[in-house]
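As a plain string of letters, each chain reads:
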Amino acid sequence: MKPPLILQRIRSRPGTIWMTSACIALVNRLIYTLTIACIPDLLQRSMHVPRASNGIITAAFGIGGLVGGGTVGYISDRFQTRLIPQLTAAFLYVVAGLVFYFSKQFYQIVVFRVILGVASSIADTMLFTTVADVYPAKLLGFRMAVLFVFDNIGNMLGPMLGGRAYESMGVGGIGIIAMCLGVAEMLMILVFVRNSLDIRQTLTCRIAVSQAASRSDVLVIESTVVSSAASTSDKAVDTPSVLESTADERGEGEGEGEGAAGMQVWRILLRMQVVGPTVAIFVATGLQSVIETVFPLRLFDRFSLSPEVIGVAFLLVGGILIVAMPLVGWLNDKAVTLRGEHMRYYMITLGALLMLASLVVMAVSGRYSVAVFGYAVFGVTSMVAVVPAQSAFGDFINASQGGGMAQAFSLAWLAEGLANVVLPPVASGLYAAVGWQTMMLALGGALCAACAAAVLAFPLRGVWRMRRESCVSG
């Protein structure tokens, strides 16, 4: 049964895919952050779990992310579908909520986080992929920033909502909310989302026809010196040649696209322009996971704050990010348009250095307000790195007219999943062993320095090559 005509038109608009993906980003982050504020109370007070085990919870999410992110990109590109992975993610959210509803033991929380990691990696990979699919000829920085705006609305509301639900209804309340949000996401996908690859194919054909018509117009102008009859004859011959030329160019693009679709993730990673953004996502999202794991512990230990008050800290940070995010995306696109692709990498490097500065503020702060201010600055500066890094994957595939879009974005989630597996356990162990300040300064300094070095490798290599060629030609 086909949907009504007006709904078909709405589903076929790129803007619908963009806004639906933004709403899905909100739901994804909301479900993820529901448990952040209550984890210290649930594990330490109710289950009497050692503090070092809190990192296992985040690592479990990362393991699930590696499973989902490592498979969904290939499956989506191989079978040319985006809808089935999206619906699978929504269903897994319902399953995760059901598991959390009945959670009484630590291992059940771990299972919940693994399922949540699989669902989030699939959902996030698909929402970024679908937006890049339907904007094949555009820079993606601003559009990615809008997705992060909605993501941060969820990040802002989730801890507060989860903290209140936990204090009033316990674990079961959070489980019910997660299940309801999963069902809502599933309905939204069924009603408003069309396979973005179909929309991409339509848009690509329109672009090709427009280019062919433009070239045909040039030939018509050049042939005006010929008689009317001869002109008609010339156009009959020349126009097909233009179409053939355009078709040849599309054929080359499709060849590249087939190659990109056939690329495994590790082969995409070998591209120098992808290495830096991948490391940046690993560092920025990994530090975010570290803060989400250890910062509530810090607030709990240092200030004896309740889960609801801890949730308010995330509310304040999320509000600041919502205001700053569109500006970050717009500036990224503007800088790349005006100054070239290398500006993307300089902006990521700037974000890494600013992240380090904000971590220093958080590390040395002895007051609640200063700590929250430092976290807010970290949130904004991490997006200065993440937005251009995340958009680099879509821009890379679009520029090569490739078909491996989902695999490219799954690489971003593999980096995030690996960061979630490795860094939070290390951070929670260091926090228990050497304290908050030493952990933040040592781990943050090492990661941000590594990020800046990896990102700068690509533009500096280009500068070195240009100078070498100029020396040879001179």
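Residues numbered from 1 in each chain as written. Predicted model: local features only at pLDDT ≥ 70, side-chain atom pairs only at ≥ 80, totals over all residues. Heavy atoms only, no water.

### Quick word on the overall build of the chain
A count of helical and extended segments in the chain gives 17 helices and zero strands. Residues classed as buried in the chain amount to 53% of the 474 residues present. Considering only intrachain contacts with a sequence separation of at least 6, the fraction spanning at least 24 residues in the chain is 85%. With the model as given, the accessible surface of the chain reaches about 20000 Å², and the carbon-plus-sulfur share is 67%. (Helix = DSSP H or I, 4+ residues; strand = E, 2+ residues; numbered from the N terminus. Buried < 20%, exposed > 50% of the residue type's maximum accessible area, 1.4 Å probe, protein only. Contact = heavy atoms within 4.5 Å. Areas by Shrake-Rupley, 256 points an atom, 1.4 Å probe, with all protein chains shown as cover.)

### Examining the environment of Cys23
Following the sequence through the fold, Cys23 ends up in helix H2 (residues 14-33). Classification of Cys23 by relative accessible area gives partly exposed; the value is 32%. Residues Cys23 and Asp151, spaced 128 residues apart in sequence, show a C-alpha to C-alpha distance of 8.3 Å. Each residue touching Cys23, except ones within four places of it in the same chain, is listed here: Phe150 and Met188.

### A short note on the side chain of Thr20
Relative to the elements of secondary structure, Thr20 occurs in helix H2. Judged by its relative accessible area of 7%, Thr20 is buried. Ignoring sequence-local partners within four residues, the contact set of Thr20 consists of Met188, Phe192 and Val193.

### Quick notes on the packing of aromatic side chains
On inspection of all chains with the given rule, the structure shows 12 aromatic pairs. Note on Phe393 and Phe409: the rings are 6.3 Å apart at their centroids and 50° apart in plane angle, and the pair reads as tilted. Within this pair, whereas Phe393 is found in helix H15 (residues 368-399), its partner Phe409 is found in helix H16 (residues 405-434), the two being separated by 16 residues in sequence. A relative accessible area of 2% means that Phe409 is categorised as buried. One aromatic cluster is present, built from ring pairs that chain together Phe128, Phe148, Phe393 and Phe409. Across the ring face of Phe79, the terminal group of Arg78 is positioned such that the distance to the ring centre comes to 5.5 Å. (Phe/Tyr/Trp six-rings, centres within 6.5 Å; stacked < 30°, edge-to-face > 60°. Lys NZ or Arg CZ within 6 Å of the ring centre and 35° of its normal.)

### Some points on empty space enclosed by the protein
If you walk through the whole model with that rule in mind, you get four cavities of 30 Å³ or more. Taken as a whole, the largest cavity holds about 460 Å³ of empty space. In terms of lining, the largest cavity is formed by 31 residues, of which the most central are Arg29, Phe148, Asp151, Thr285 and Glu416. For the lining of the largest cavity, the secondary structure elements donating two or more residues are H2, helix H6 (106-134), helix H7 (141-169), helix H12 (272-303), H15 and H16. Looking at the lining of the largest cavity element by element, the count peaks at six residues for H12. Grouping the constituent residues of the lining of the largest cavity by class yields 15 nonpolar, 11 polar and five charged. (1 Å grid on protein atoms, 1.4 Å probe; cavity = no way out; pocket = protein on both sides within 12 Å on 5 of 7 lines; lining within 4 Å. Points joined across faces, edges and corners; volume = space filled by probe spheres on them. Nonpolar A, V, L, I, M, F, W, Y, C, P; charged D, E, K, R; others polar.)

Function cannot be read off these values alone, since they describe shape.
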